[in-house]
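Coordinate inspection notes
Spelled out, the chains give:
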Amino acid sequence: YVPALRPLRQQAFLLVFPQTQPSRLTQRLAEISSQQGLKADTGALMSLCEKTDNDIRSCINTLQFLHGRGLKQLDSRTIQSVSVGQKDQNKGLFYVWQEIFQLPRTKRKRIGEGFEEAPGSGSGFQRFQHILHLASSSGEYEKVSLGLYDNYLSMRVRDPNLQAVCEALDWLTFSDRLNQVILHGQNFSLMKYLPFLSVAFHFLFAHPHVPRISYPHSHHEASSHLLSSRNALSTMLADIPASIRSRIGQLSLTLDILTLLLDIICPKLRPVNPQLFSSREKDQMRELIDNMLAYNLSYRQDRTPEGQYTYVLEPRVEDVARFSGLPPRRQLTYQAKQTISREMEQEKMRRAEQMMLQRNPVAKEEEIKSAGPKLTRNHQQRLENIVKQTTVETRPEVDFFGRAVVPKPQGPQSSSDSGEKCAVLAMGTAVGNSDVWFRFNEGMSNAVRRNVYIRELL
């Protein structure tokens, strides 16, 4: 090491921030170079500071390298021609985006300078080289292009004909196609053309004002929405009958069928009990249920974060055909969705029962045979079971002295007036051959009676 540079080098490693103010750094470097016999003018030292981005360690390393080669005179041309003085620096994404969307500040040309301007100083060629080198050194072409896509419309550009926007879209299309060819064909030699997208955006949208740049989120949101839409369509097509599934796919379902199907399953229904529907409304409800079951759609009750209950379409294919800016679709009421959900559950049970009977016809015949030829009513079965389970002890009829009394046989008695049988004989035995009878006493009560007119029922 050069003895005069050693204290300053040790001091540089102790600095928290390696970049120093240009004036103080230039003054200190002039003192060190003069002590070692290295003549350097102010322009050369300023060029060295600009080339190293005011990094004190890079400046010292460059001076040490030039002094070791026996150089006695240092000028600006030598600083620009030497290939040292710059180190690998990883620039952040926001820095890259800011350099692309912001024009460089015009710098005054110093006296005695006979060389070209520094990178990014203002000329078109230098700006081209600077942005190209900056985009190439970043390496994250995809993230840089996503940031350009999300922020280029918010830039201050005087373009009433939107010509710059059209050209930017063409460059984005070119970049996407190029990236597709690179990934699908494994032709990585084409990656050298990806940084030119940043250069094109710089010349189209660069402005002297400091841009307001936000981190790109549109790609993540679009990917999440695309994934959820594909999952909803896959769930919908999973349980569709084979007769319908063989004729449709995800693309035809999305472009041709889904939009019209969402309008078909939202008919106009009266908010009344389904038993009060007219024949036309019953047919409409039956067709609605058949269509929803055919395309594997149903309503599921869900609870909102506010605590309200609502019915949502399952699977949620409404988001696939919903576009922002369009008027909302006609929605069914909560009662109508509840009625449709209940009718669909009943229809599913009926279809499942019919399918089981079709698959097992032998079990159906056995059930019919086990039922027996004679069917008894429910109340008769109950009374007969009660009578069979009841054991009654029979005792002979006796007189006052305990002797058995033999009953006298009585013939059929008829009334003397009309010749009909008496009420006891005409009544016969009770249900189940028991002596228990039930009689309904007809009557009325004003407590539960009310006059209802026909016009109130209409």
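Residues numbered from 1 in each chain as written. Predicted model: local features only at pLDDT ≥ 70, side-chain atom pairs only at ≥ 80, totals over all residues. Heavy atoms only, no water.

Structural notes on the overall build of the chain
The number of helices and strands found in the chain is 19 helices and four strands. Burial statistics for the chain: of 458 residues in total, 27% are counted as buried. For the chain, the proportion of contacts with a sequence separation of at least 24, taken over those separated by at least 6, is 67%. Accessible area for the chain stands at about 34,100 Å²; split by element, carbon and sulfur atoms hold 53% of it. (Helix = DSSP H or I, 4+ residues; strand = E, 2+ residues; numbered from the N terminus. Buried < 20%, exposed > 50% of the residue type's maximum accessible area, 1.4 Å probe, protein only. Contact = heavy atoms within 4.5 Å. Areas by Shrake-Rupley, 256 points an atom, 1.4 Å probe, with all protein chains shown as cover.)

As for unusual backbone geometry
Trans peptide bonds make up the majority, and among non-glycine residues the majority have a negative phi. Put simply, glutamate 314 and proline 315 share a cis peptide bond, and its omega is -5°. Mapped onto the secondary structure, proline 315 falls in the loop between strand E4 (309-314) and helix H15 (334-359). Of note, leucine 162 is a non-glycine position whose phi angle comes to about 55°, a positive value. The partly exposed category is assigned to leucine 162, whose relative accessible area is 48%. Although it is not a glycine, glutamine 186 adopts a positive phi angle of roughly 55°. Residue classification places glutamine 186 among the exposed residues on the basis of a relative accessible area of 52%.

What about the pairing of strand E3 (residues 298-303)?
The pairing of E3 with E4 spans six bridges and is antiparallel. Bridge pairing links arginine 300 to valine 312 in E4. Between E3 and E4, which pair antiparallel and follow one another directly, the connecting turn spans five residues, one of which, glycine 307, has a positive phi of 95°. (Pairing = 2+ DSSP bridges.)

As for helix H10 (residues 196-205)
Burial analysis of H10 places seven of its 10 residues in the buried class, the great majority of the element. Those residues of H10 lying buried are Leu197, Ser198, Val199, Ala200, Phe201, His202 and Phe205. Lining the buried residues of H10 we find helix H6 (93-101), helix H7 (124-138), helix H8 (141-151) and helix H9 (163-185).

A word on the nonpolar core
The biggest cluster of nonpolar side chains holds 31 residues, and the ones touching the most others in it are Met236, Ile265, Met292, Leu297 and Val317. Of all the secondary structure elements, the ones that give two or more residues to this core are helix H11 (218-238), helix H13 (250-264), helix H14 (279-294), E4 and H15. Top element by residues in this core is H14. It accounts for six residues. With 21 residues, the next largest nonpolar core counts Val96, Leu148, Leu172 and Phe205 among its residues. (Core = buried A, V, L, I, M, F, W, Y, C linked by side-chain atoms within 4.5 Å.)

Here's the deal with the packing of aromatic side chains
The relative placement of two aromatic rings is captured by the distance of their centres and the angle of their planes. Evaluated as defined, the whole model comprises 11 aromatic pairs. Note on tyrosine 152 and phenylalanine 201: the rings are 5.7 Å apart at their centroids and 85° apart in plane angle, and the pair reads as edge-to-face. Remark: phenylalanine 201 occurs in helix H10 and tyrosine 152 occurs in the loop between H8 and H9; sequence separation between them is 49 residues. A relative accessible area of 5% places tyrosine 152 in the buried class. Judged by relative accessible area, phenylalanine 201 falls into the buried class, the value being 0%. In this structure an aromatic cluster arises from ring pairing among Tyr149, Tyr152, Phe201 and Phe205. The cationic tip of arginine 455 hangs over the ring face of tyrosine 453; the distance from NZ or CZ to the ring centre is 4.8 Å. (Phe/Tyr/Trp six-rings, centres within 6.5 Å; stacked < 30°, edge-to-face > 60°. Lys NZ or Arg CZ within 6 Å of the ring centre and 35° of its normal.)

Examining the layout of surface pockets
Each pocket or cavity is described by its volume, and for the second largest pocket that value is around 500 Å³. In terms of lining residues, the second largest pocket is bounded by 22 residues, among which Glu142, Ser145, Ser175, Asp176 and Asn179 are the most central. Elements with a minimum of two residues in the lining of the second largest pocket: H8, H9, H10 and H11. Considering each element in turn, the lining of the second largest pocket owes the most residues, seven residues, to H8. (1 Å grid on protein atoms, 1.4 Å probe; cavity = no way out; pocket = protein on both sides within 12 Å on 5 of 7 lines; lining within 4 Å. Points joined across faces, edges and corners; volume = space filled by probe spheres on them.)

As for the pattern of salt bridges
Opposite charge on two side chains makes pairing possible when the charged atoms of those side chains draw close. Tallied over the entire structure, the rule returns nine salt bridges. A salt bridge links aspartate 283 to arginine 286; the nearest nitrogen and oxygen atoms lie 2.7 Å apart. One end of the pair is aspartate 283 and the other is arginine 286, both in helix H14 and three residues apart, which spans about a single turn. With a relative accessible area of 47%, arginine 286 lands in the partly exposed category. Salt bridges here are not isolated pairs; linked through shared partners, they connect Asp290, Glu347, Arg350 and Arg351. (Salt bridge = Lys/Arg side-chain N within 4 Å of Asp/Glu carboxyl O.)

Shape descriptors only; they carry no functional weight alone.
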